[in-house]
Amino acid sequence: MISRVAPPAPAVSRPVPSRPLVRASACPHDCPSTCALEVEIEPTGRIGRVRGARDNSYTAGVICAKVARYAERANHPDRLLTPLKRTGPKGSGQFTPISWDEALDLVADGLLAAERAHGAQSIWPYYYAGTMGLVMRDGINRLTHAKGYSRFFSTICVNPAWSGYLAGAGRLSGADPREMAQADLITLWGTNAVSTQVNVMTHAIKARKERGARIAVVDVYRTPTMEQADIPLLIRPGTDGALACAVMHVLFRDDHADRAYLDGYARDTAELEAHVASRTPAWAAAITGLPEAEIEAYAALVGATPRAFFRIGYGVSRSRNGAVNMHAVASIPVVTGAWQQLGGGAVHTLSGIYGWNKTLIEGLDMRDPATRALDQSRIGPILTGDAEALGAGPKVAALFIQNTNPVVVAPEQEKVRAGFARDDLFVVAHEQFMTDTARMADIVLPATMFTEHDDLYQAGGHPHVLFGPKLVEPPGACRSNHEVVCALAGRLGAHHRGFTLSPREIIDETLRMSGRGSLAELEAARFLDVHEPFETAHFLDGFGHGDKRFHFAADWAGLPFAAPGKFGPVAQMPALPDHWDVIEEATSDYPFRLVTAPARSFLNSTFTETATSAEREGPPSLLMHPDDAAMLGLAAGDPVEVESARGRVQLDLRLFEGVRRGVVVSEQIQPNRAHAGGRGINTLTGADPVAPVGGAAFHDNRVRVRQKVKS
């Protein structure tokens, strides 16, 4: 009998698809969220998807779309992969590849030549927050201090905000941001969290869903965050102090001030109450453009809600009166005594809680305080020879640039561009892409990204220390900031122990010296929650001043802020909270107030190179109220010229009802070359320093707008 059952088929070996390895990391970018990340490592050795870490109580699994797409940036075909030497005129983009040895020799030769001709202080290492990692961002200072180069005074972002907060609270601390979930009223003041700090919305929305909390948003245009608000408060740029004073007027007038708390925790209360007696909602309405009834209703709600939480963003401070605005807004929860409540009080930044010993990272043991410190925001005047900006020292003959793109982001772009065009200025740019700044360099060095080196991070918007390990090998010949600084130190005759150590060794020693354990412990834990006890975070054991009290009358000349001096019209600053009328008000010649706000798909000038981000943002544009456009005879899509006393740029017009009449907004920052005419938005912004310790007033520009005349 023959079996009719078919024999079994022979076994076929099929490859099992390799799954990506998931590794922990931290977002390195200039954002208070500093998200804890999970990064997929593909079998090819490249990064894949990036997610927020669910087990981090602040990130809570949520990150912004641009970082979720980070593989698009890390694996971009236009990344710089080899050192380059300029072969054509500055800005021409004409470069030839060279070896690392040749590049480092040329850089060292250029810096040594400048030192011989003009002295060590003619060399200015210039950097900022392209990475917020402590080793890769701040290690350049070790070279500065070892060589006696001009020091870098960082001003472009935090100074007006931090000085205003310090004037009142005396310490850069505040309520744990996770407490927003316990609040009954959350005010997001001067922050477009949906676009720039998505995790803030995670905790605010949780409070709304679970507690019925109401969300108020104070801003100068109808942002995506304001679209989600229960209480939208749309004000004119630079008028935050007026609104804050009117709120405090109502609090005192209607007996919502916590007298017992004020007696124990504040100074100058009687003076403040007398001062704001004339700062009525009607007075503030005329300044802010916000109707009096809306001011009254919001102030009454603040007074009736013990658990009122204020998340104060940097937008409050982007005007020439920014420090005064920040101080005024931070005063509100003191008047109500909201600091006593879980889910009450305020936070701007927690940057003051970490207590780092950065001696090894920055070479602080070799720092000479007599060496001049040059103002980051004034790079245009500095490079064009302004004697005051130079501090009566030698001209800047050489720039060594890491982590920043000043030809796009710095104010007074006409001067910045003129300075970079100098034939006698030697420029080195260590970069990831051929930015506008790199195009003006003599030598361009290819840089790693955050998954390609080890680094240590602190958050500003939540209380975590995070470790970002090297996850993949760098592409091409990319080298980290630390590698480049150490290689140059050897060629320049600079000596410090930090130049001989690896990033991991520096991180471990810094953690130990700072009382934060070891790298092994941090790496095992993934992140370290260093939040302060409730009593300390809420200043219930005293504010940061010597008398332990919040100061309603600010001592602007005596702030606990590390600065080489005072900047701007400090003597004119009002001591008590107020609307300080020092902003660039509109005139008949320049009838509009311009705000240059952050774009959702960019982060400063980062992510502008990725196609997805560029497509989502579209071409450089200007938001204008339809009634203003009609008055000027303009229509949506028209090419327009926007001009200040400093220059002009070309933008495409977008009609937008979410601004006050007389206010225009450009969400930026696009590369200069993305603009018709090649001039970027910071052509219009001023480099005059914001009082009391410097800064740039990016939201404080008077401009005129007219249709672009076709040539």
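Above this text is the structure in question.
Each value, and the rule that gives it
- Residues numbered from 1 in each chain as written.
- Predicted model: local features only at pLDDT ≥ 70, side-chain atom pairs only at ≥ 80, totals over all residues.
- Heavy atoms only, no water.
- Core = buried A, V, L, I, M, F, W, Y, C linked by side-chain atoms within 4.5 Å.
- Buried < 20%, exposed > 50% of the residue type's maximum accessible area, 1.4 Å probe, protein only.
- Helix = DSSP H or I, 4+ residues; strand = E, 2+ residues; numbered from the N terminus.
- Contact = heavy atoms within 4.5 Å.
- Pairing = 2+ DSSP bridges.
- Axes fitted to C-alpha atoms, helices over the stretch in contact; angles between N-to-C directions.
- Expected span 1.5 Å × (residues − 1).
- Arc of directions from axis to C-beta.
- Parallel < 35°, antiparallel > 145°, perpendicular 65-115°, else oblique.
- Left-handed = near helix turned anticlockwise from the far one by under 90°.

Student: Report on the nonpolar core, specifying residues and quantitative values.
Tutor: Ranked by internal contacts, the top residues of the largest apolar core, which has 182 residues, are Trp189, Leu399 and Phe420. Here the element with the most residues in this core is helix α10 (residues 240-253); it accounts for 10 residues. Each residue touching leucine 399, except ones within four places of it in the same chain, is listed here: Trp124, Tyr126, Ile379, Leu383, Phe420, Leu425, Phe426, Val427 and Val428. Counting residues in hydrophobic clusters, the runner-up holds 28 residues, among them Cys27, Tyr70, Leu471 and Phe607.

Student: Now, about the sheet that holds strand β1 (residues 21-26): what can you tell me, with residues and values included?
Tutor: Taken together, three strands build an open sheet; the order of strands is β1-β2-β3 and the sheet is antiparallel. Looking at which strands have only one partner, the edges of the open sheet turn out to be β1 and β3 (47-52). Neighbour-to-neighbour, the strand axes of this sheet turn through a mean angle of 30°, independent of strand direction. Note that strand β2 (residues 36-41) and β3 share four bridges and pair antiparallel. Bridge pairing links glutamate 38 to arginine 51 in β3.

Student: Account for the sheet that holds strand β20 (residues 527-529), with residues named and values stated.
Tutor: In spatial order, the strands read β18-β19-β20; together these three strands make up an open sheet with antiparallel pairing. The sheet terminates laterally at β18 (455-458) and β20, the two strands that pair on one side only. Ignoring which end each strand starts from, the neighbouring axes of this sheet average 15° apart. As paired strands, β18 and strand β19 (residues 464-468) are joined by four bridges and run antiparallel to one another. Across the sheet, leucine 456 pairs through a bridge with phenylalanine 467, a residue of β19. Those strands touched by helix α22 (residues 503-513) are β18 and β19, and its axis lies near 40° from that of β18.

Student: Just give me the short version of unusual backbone geometry, but keep the residues and values in it.
Tutor: The linkage connecting glutamine 668 with the following residue, isoleucine 669, adopts the cis geometry, with an omega of 25°. If you trace the backbone, isoleucine 669 turns up in the loop between β26 (663-665) and β27 (701-707). Proline 692 follows alanine 691 through a cis peptide bond whose omega is 5°. Assignment of secondary structure puts proline 692 in the loop between β26 and β27. Phi angles above zero are rare outside glycine, and alanine 60 is one such case at about 50°.

Student: Could you give me a rundown of helix α14 (residues 292-304), with the residues and numbers involved?
Tutor: For α14, with 13 residues, the first-to-last C-alpha span of 18 Å sits near the 18 Å given by 1.5 Å per residue. Taken together, the buried positions of α14 are Ile295, Tyr298, Ala299, Val302 and Gly303. For α14, the arc enclosing every buried residue in end-on projection is 135°, short of the 170-degree limit, so these residues lie on one face. In α14, the exposed positions angled more than 90 degrees off the buried face are occupied by Ala293 and Ala304.

Student: So what's going on with the side chain of glutamate 412? Residues and values would help.
Tutor: By the secondary structure assignment, glutamate 412 is in the loop between α18 (406-409) and α19 (413-420). The exposure class of glutamate 412 is buried, given its relative accessible area of 14%. Among residues more than four places away in sequence, those in contact with glutamate 412 are Pro381, Arg646, Asn682, Thr685, Gly686, Ala687 and Asp688.

Student: How would you explain the packing of helix α5 (residues 140-147) against helix α21 (residues 481-492) if you had to name every residue and give the values?
Tutor: Viewed as axis vectors pointing N to C, α5 and α21 meet at an angle of 15°, and their least axial separation amounts to 9 Å. Looking at the two axes, α5 sits roughly parallel to α21. Once α5 is placed against α21, the crossing between them reads as left-handed. Contact with α5, carried on its side by Ile140, Arg142, Leu143 and Lys147, involves His482, Val485, Cys486, Ala489 and Leu492 of α21 and no other residues of that element.

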